[in-house]
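What follows is each chain in one-letter form.
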Amino acid sequence: DTGVSQNPRHKITKRGQNVTFRCDPISEHNRLYWYRQTLGQGPEFLTYFQNEAQLEKSRLLSDRFSAERPKGSFSTLEIQRTEQGDSAMYLCASSWQGLAGGPGANVLTFGAGSRLTVL
Amino acid sequence: KNQVEQSPQSLIILEGKNCTLQCNYTVSPFSNLRWYKQDTGRGPVSLTIMTFSENTKSNGRYTATLDADTKQSSLHITASQLSDSASYICVVSASGYSGNTPLVFGKGTRLSVIA
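For the structure given in this document, a descriptive report is provided here. (Residues numbered from 1 in each chain as written. Chains lettered and ligands numbered in written order. Predicted model: local features only at pLDDT ≥ 70, side-chain atom pairs only at ≥ 80, totals over all residues. Heavy atoms only, no water.)

Digging into the overall build of chain B
Part 1 of the argument: Of regular secondary structure, chain B possesses zero helices and eleven strands.
Part 2 of the argument: Ordering the α and β elements of chain B from the N terminus gives β-β-β-β-β-β-β-β-β-β-β.
Part 3 of the argument: At 14 Å, chain B has a C-alpha radius of gyration in line with the 13 Å of a compact globule built from 115 residues.
Part 4 of the argument: Taking the principal axes of its C-alpha atoms as reference, chain B extends roughly 45 × 30 × 20 Å.
Part 5 of the argument: Going through the 115 residues of chain B one by one, you find that 45% of them count as buried.
Part 6 of the argument: Surface summary for chain B: the accessible area is close to 5400 Å², and the carbon and sulfur share equals 49%. (Helix = DSSP H or I, 4+ residues; strand = E, 2+ residues; numbered from the N terminus. Rg over C-alpha atoms; globule rule 2.2 N^0.38 Å. Buried < 20%, exposed > 50% of the residue type's maximum accessible area, 1.4 Å probe, protein only. Areas by Shrake-Rupley, 256 points an atom, 1.4 Å probe, with all protein chains shown as cover.)

Dropping the structure here:
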């Protein structure tokens, strides 16, 4: 297993275009998270999946954003009609969360991120 | 409100020197606290994870401490190297949730190690 993989690593697009990012999590992990990070800030939660079910979405995730994890494995994050304010690093992370939870639960492994620049 | 505050915001030290980064949190109920290292343009990489009962945990030249009573953690870096230049992010996890286990991120401390 090579960890969490994200593609593309960099994307430059013009305002109004659609972009899609892909995340391949660690294969044994049942949870997959998307975060957004801007310069000088910590990651901000966008959404997460438990297997193929999208269980929570942040208010940061406007209608232009959609995420899928169709088979409970890889995930895609699509941004429609991009705006300059969408420029950020989009981080994917995965984890194993058992039913019992516990103090060691939900330890995230992050991918290298996909950097989006909207001109 | 669950919050994680880190200090200092940025730090510049000479190669070979030691430094300590601070993290104060108000997350409750507490589950665990992690320190991540994030190189510029990369995703965060886990350094340590500490639960309620752990006071100290080391990972090479990195030593994290946790005081659950005062809700403070520190990350001490010994004999700094140029490759330690990065952002260090403190993340606190709440417990007791059957759904998403909320993770509260600090904004990070930007460390620059210079020769």
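Some points on the overall build of chain A
Part 1 of the argument: What chain A contains, in helices and strands, is zero helices and eleven strands.
Part 2 of the argument: Helices and strands appear in chain A in the N-to-C order β-β-β-β-β-β-β-β-β-β-β.
Part 3 of the argument: For chain A, whose C-alpha radius of gyration is 14 Å, the value lies close to the compact-globule estimate of 14 Å for 119 residues.
Part 4 of the argument: Projected onto the principal axes, the alpha-carbon positions of chain A cover approximately 45 × 25 × 25 Å.
Part 5 of the argument: Put simply, chain A has 119 residues, and 48% of those count as buried.
Part 6 of the argument: Of all intrachain contacts in chain A linking residues separated by at least 6 positions in sequence, the fraction that spans at least 24 positions is 55%.
Part 7 of the argument: Summing over all exposed atoms, chain A offers an accessible surface of approximately 6000 Å²; the carbon and sulfur share of this is 48%.
Part 8 of the argument: Measuring between centres, the 14 positive side-chain charges of chain A sit 6 Å from its 11 negative side-chain charges. (Contact = heavy atoms within 4.5 Å. Lys, Arg positive; Asp, Glu negative; His and termini not counted. Charge placed at Lys NZ, Arg CZ, Asp CG, Glu CD.)

Examining the packing of aromatic side chains
Part 1 of the argument: For the coordinates displayed, the defined rule picks out 13 aromatic pairs over all chains.
Part 2 of the argument: Where A:Tyr35 meets A:Phe45, the ring centres are 6.0 Å apart and the plane angle is 70 degrees; that geometry is what we call edge-to-face. Residue A:Tyr35 is located in strand E4 (residues 31–37), and its partner A:Phe45 is located in strand E5 (residues 44–50); the two are separated by ten residues in the primary sequence. The same class applies to A:Tyr35 and to A:Phe45, which are both buried.
Part 3 of the argument: Ring pairing ties together the aromatic residues A:Tyr33, A:Tyr35, A:Phe45, A:Tyr48, A:Phe110, B:Tyr36 and B:Phe105, which thus form one cluster.
Part 4 of the argument: The positively charged end of B:Arg61 is found above the aromatic ring belonging to B:Tyr62, 5.7 Å away from the centroid. (Phe/Tyr/Trp six-rings, centres within 6.5 Å; stacked < 30°, edge-to-face > 60°. Lys NZ or Arg CZ within 6 Å of the ring centre and 35° of its normal.)

Concerning the state of the cysteines
Residues and elements named next belong to chain A.
Part 1 of the argument: Here the structure, examined in full by the defined rule, presents two disulfides over all chains.
Part 2 of the argument: Bridging Cys23 to Cys92, the disulfide has an S-S length of 1.9 Å. Judged by the torsion about the S-S bond (-70 degrees), the Cys23/Cys92 disulfide is left-handed. Note that Cys23 is positioned in strand E3 (residues 19–24) and Cys92 in strand E9 (residues 88–95), a separation of 69 residues in sequence.
Part 3 of the argument: Judged by its relative accessible area of 0%, Cys23 is buried.
Part 4 of the argument: Cys92 gets classed as buried once you look at its relative accessible area, which sits at 0%. (Disulfide = S-S within 2.5 Å.)

A word on the pattern of salt bridges
Residue and element names in this part refer to chain A.
Part 1 of the argument: For the structure on display, the rule yields five salt bridges over all chains.
Part 2 of the argument: One salt bridge connects Glu83 with Arg64, and the closest N-O pair in it is separated by 3.5 Å. In this pair, Glu83 sits in the loop between strand E8 (75–79) and E9 while Arg64 sits in the loop between strand E6 (53–57) and strand E7 (65–68), placing the two residues 19 residues apart along the sequence.
Part 3 of the argument: Judged by its relative accessible area of 41%, Glu83 is partly exposed.
Part 4 of the argument: Relative accessible area serves as the criterion here: at 12%, Arg64 is assigned to the buried category.
Part 5 of the argument: Between Asp86 and Arg64 there is a salt bridge, and its shortest N-O distance comes to 2.8 Å. One end of the pair, Asp86, is in the loop between E8 and E9; the other, Arg64, is in the loop between E6 and E7, with 22 residues separating them in the sequence. Take Asp86 and Arg64: they sit in the same class, and that class is buried.
Part 6 of the argument: The structure contains a network of salt bridges with shared partners spanning Arg64, Glu83 and Asp86. (Salt bridge = Lys/Arg side-chain N within 4 Å of Asp/Glu carboxyl O.)

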